[in-house]
Amino acid sequence: MNVFRAKTEAFKHVMTGYAVQYVVLRDYAFKLQTRNPGTTVKIEVESEPNHVSETRILKRIYACLGPLKKGFLDGKRYYLGLNGYFMKGPYPGMILTVVGLDGNSCTYPLVYVVVEYENINSWTWFLSCLRDDINLNENSNFAFISDRQKGMLQAVATIFPCIEHRFCLRHIHENMKVKWMGKVFKEALWNCVAVTTVQEYNHGMEELKDMNNDCYKWIKAIPYEHWTRFHFIGRAHCDGLLVYVRPLTQEIDKEVGPLTPTATLILEKKRDGTHCKDVFCGNDKYQVTGLWMDQCVVDMNNHTCSCRKWELTGIPCMHALVEILDMRKDKINIGLPQSRVHPTYWLSTWKEMHSFKIEPINGRRMCVNYPCPTTLLLPKHHVPIGRPKKKRRKYVVEWEEMVKGGRALRKEKSVTCSKWENIGPNKRSCKGEVDGKKGKKHGGGNGAGPCKQSGAWRKGKKDGGGNAVGPSKQGGARKKGKKVV
């Protein structure tokens, strides 16, 4: 009873803490804007019929810290990932986030909001605030990538009709694995997605059609401009296909060289495969032929190649790297290969992007009260339709990862008695019977009976062969020193 009372008191204390935190939310936002110049915080409240009321119910909040905003714009990589996460607790909701990528392909947080639902209204409000905050317009050189949430798709199409919107390939693959599982289908999907030319895409789709026509029709129904690299535009300098989180682990101040560690590694891998033949065609254009007779045209003036990899990523492809190295051998003033990489991968750009630091703030007791005539109240508790779920529904990929990690899964598996080999019960609840017959003992004995010490096992009776059945400390053959054959 004392534990129950302690739990009740702790719950009341936590609930009171929630209420106080929502009351001082405006003070917290004011302190963020004071300590970090350029910070944008927008708070939206529920409509109040009584305009003279001194209280308002919180609905949504938008926050973009000034140092993160300046660092993202100085990073020169206009690639944003949109995603949503559930909030747990007495006041559940949704956290919508926007993250970017730095020159080392690490996640760079930018904006977060807290909304009541993940629907078209919340996403429209969120993207409208983002558009006004970082000066986006309909023709901006940005690329979005998301998980194809229905409300998000409509909001992006309304606010940014001309922007490049990519679909996360992991979510597409998870939806596909509901009907078509296996490594063969996964490789067939990647053969259609990872290519950078329309000819290779058509070839991969034909192979998928020959493999399974239904899977081909399902993939074909998804607009190819949202999930295939050959249709991507190189304005974002990224050919990413996944929404992932890769934290920054390197110490930036200790890095040396002209490029970031990731860009340096990519360039070194391409240098190892430069076994190609080139032919000069005039106007700084070259015809490059690889080992597998793949022939491409490289334009050194426009920094393009017909394979489109240089254009998509901003890093010279294998064909362009061959030309740069050959021109250096001929003593042509072309510069190092690193000089042909886009500035977003420069080490100086990377350091400048992370040079903006978030200033800390004081505690609640030392905060200055924000002059506002109204007080914020707790948000409305929106109860979803249906019975609440206690466990999160796992994706197909997560089940496979659990199997690969060596974790035992009981889902869709039958339990087997380790002693009598009966399928269904375990060793403790097994009765030793299968279809009304006694099961066979697992091991060298000829005994028959349930796992529990009852019946013939407890009484020490003999089986059909004359062998005693029973525990070794009781009567029967074991007590007389005889062996059971």
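A short tour of the structure in this document, coming up. Because the structure is predicted, anything quoted here is derived from the model rather than measured.

### Notes on the sheet that holds strand E9 (residues 285-289)
Then comes step 1: The antiparallel open sheet is built from four strands, whose spatial order is E8-E9-E10-E11. At either end of the open sheet lies a strand with only one pairing partner, and these are strand E8 (277-280) and strand E11 (304-305).
Then comes step 2: Taken together, the five bridges between E9 and strand E10 (residues 295-299) define a ladder with antiparallel strand orientation. Note that in E10 the partner of Gln-287 across the bridge is Val-297.

### Looking at the pattern of salt bridges
Then comes step 1: Tallied over the full model, the rule gives eleven salt bridges.
Then comes step 2: Across the pair Arg-131 and Asp-132 runs a salt bridge, and its minimum N-O distance is 3.4 Å.
Then comes step 3: Classification of Asp-132 as partly exposed rests on a relative accessible area of 48%.
Then comes step 4: With a closest N to O distance of 3.2 Å, Arg-170 and Glu-174 form a salt bridge. Pair noted here: Arg-170 and Glu-174 are both in helix H6 (residues 169-176), with a separation of four residues, about one helical turn.
Then comes step 5: The partly exposed category is assigned to Arg-170, whose relative accessible area is 39%.

### Here's the deal with the packing of aromatic side chains
Then comes step 1: In the structure shown here, the tally under the stated rule is twelve aromatic pairs.
Then comes step 2: Ring geometry for Phe-72 versus Phe-142: centroids 6.1 Å apart, planes at 40°, classification tilted. With a gap of 70 residues between them, Phe-72 in helix H3 (residues 66-75) and Phe-142 in the loop between helix H4 (120-133) and strand E6 (143-146) connect regions that are remote in the sequence. By the burial criterion, Phe-72 is buried, and Phe-142 matches it.
Then comes step 3: Connected via pairs of aromatic rings, a cluster forms that spans Tyr-201, Tyr-224, Trp-227 and Phe-230.
Then comes step 4: Over the ring of Phe-232 we find Arg-166; its NZ or CZ atom is 4.0 Å from the centre of that ring.

### Overview of the packing of H6 against helix H7 (residues 183-193)
Packed helices, taken two at a time, are described by the angle between their axes plus the distance between the axes.
Then comes step 1: Contact geometry of H6 with H7 gives a least axis separation of 11 Å together with a crossing angle of 140°. On the basis of their axis angle, the class for H6 and H7 is oblique. The interaxial crossing formed by H6 with H7 has right-handed handedness. Across from Leu-169, His-173 and Met-176 in H6, the residues of H7 making contact are Phe-185, Lys-186, Leu-189, Trp-190 and Val-193.
Then comes step 2: Split into classes, the residues belonging to the contact of H6 with H7 amount to six nonpolar, one polar and one charged.

### Let's talk about the packing of helix H8 (residues 198-211) against helix H9 (residues 213-220)
Then comes step 1: For the pair H8 and H9, the least separation of the axes is 6 Å and the interaxial angle reads 140°. Judged by the inter-axis angle, H8 sits oblique to H9. Contact with H8, carried on its side by Tyr-201, Met-205, Leu-208, Lys-209 and Met-211, involves Asn-213, Cys-215, Tyr-216, Ile-219 and Lys-220 of H9 and no other residues of that element.
Then comes step 2: Here the residues of the contact of H8 with H9 sort into seven nonpolar, one polar and two charged.

### Overview of the environment of Phe-232
Then comes step 1: Within the element layout of this structure, Phe-232 appears in the loop between H9 and helix H10 (261-272).
Then comes step 2: Each C-alpha atom of the pair Phe-232 and Arg-308 lies 9.7 Å from the other, and the pair is 76 residues apart in sequence.
Then comes step 3: With residues up to four places along the chain from it excluded, the contact list for Phe-232 reads Glu-164, Arg-166, Glu-225, His-226, Trp-227, Gly-240, Leu-241, Arg-308 and Leu-312.

Calculation criteria
- Residues numbered from 1 in each chain as written.
- Predicted model: local features only at pLDDT ≥ 70, side-chain atom pairs only at ≥ 80, totals over all residues.
- Heavy atoms only, no water.
- Pairing = 2+ DSSP bridges.
- Helix = DSSP H or I, 4+ residues; strand = E, 2+ residues; numbered from the N terminus.
- Salt bridge = Lys/Arg side-chain N within 4 Å of Asp/Glu carboxyl O.
- Buried < 20%, exposed > 50% of the residue type's maximum accessible area, 1.4 Å probe, protein only.
- Phe/Tyr/Trp six-rings, centres within 6.5 Å; stacked < 30°, edge-to-face > 60°.
- Lys NZ or Arg CZ within 6 Å of the ring centre and 35° of its normal.
- Axes fitted to C-alpha atoms, helices over the stretch in contact; angles between N-to-C directions.
- Parallel < 35°, antiparallel > 145°, perpendicular 65-115°, else oblique.
- Left-handed = near helix turned anticlockwise from the far one by under 90°.
- Contact = heavy atoms within 4.5 Å.
- Nonpolar A, V, L, I, M, F, W, Y, C, P; charged D, E, K, R; others polar.

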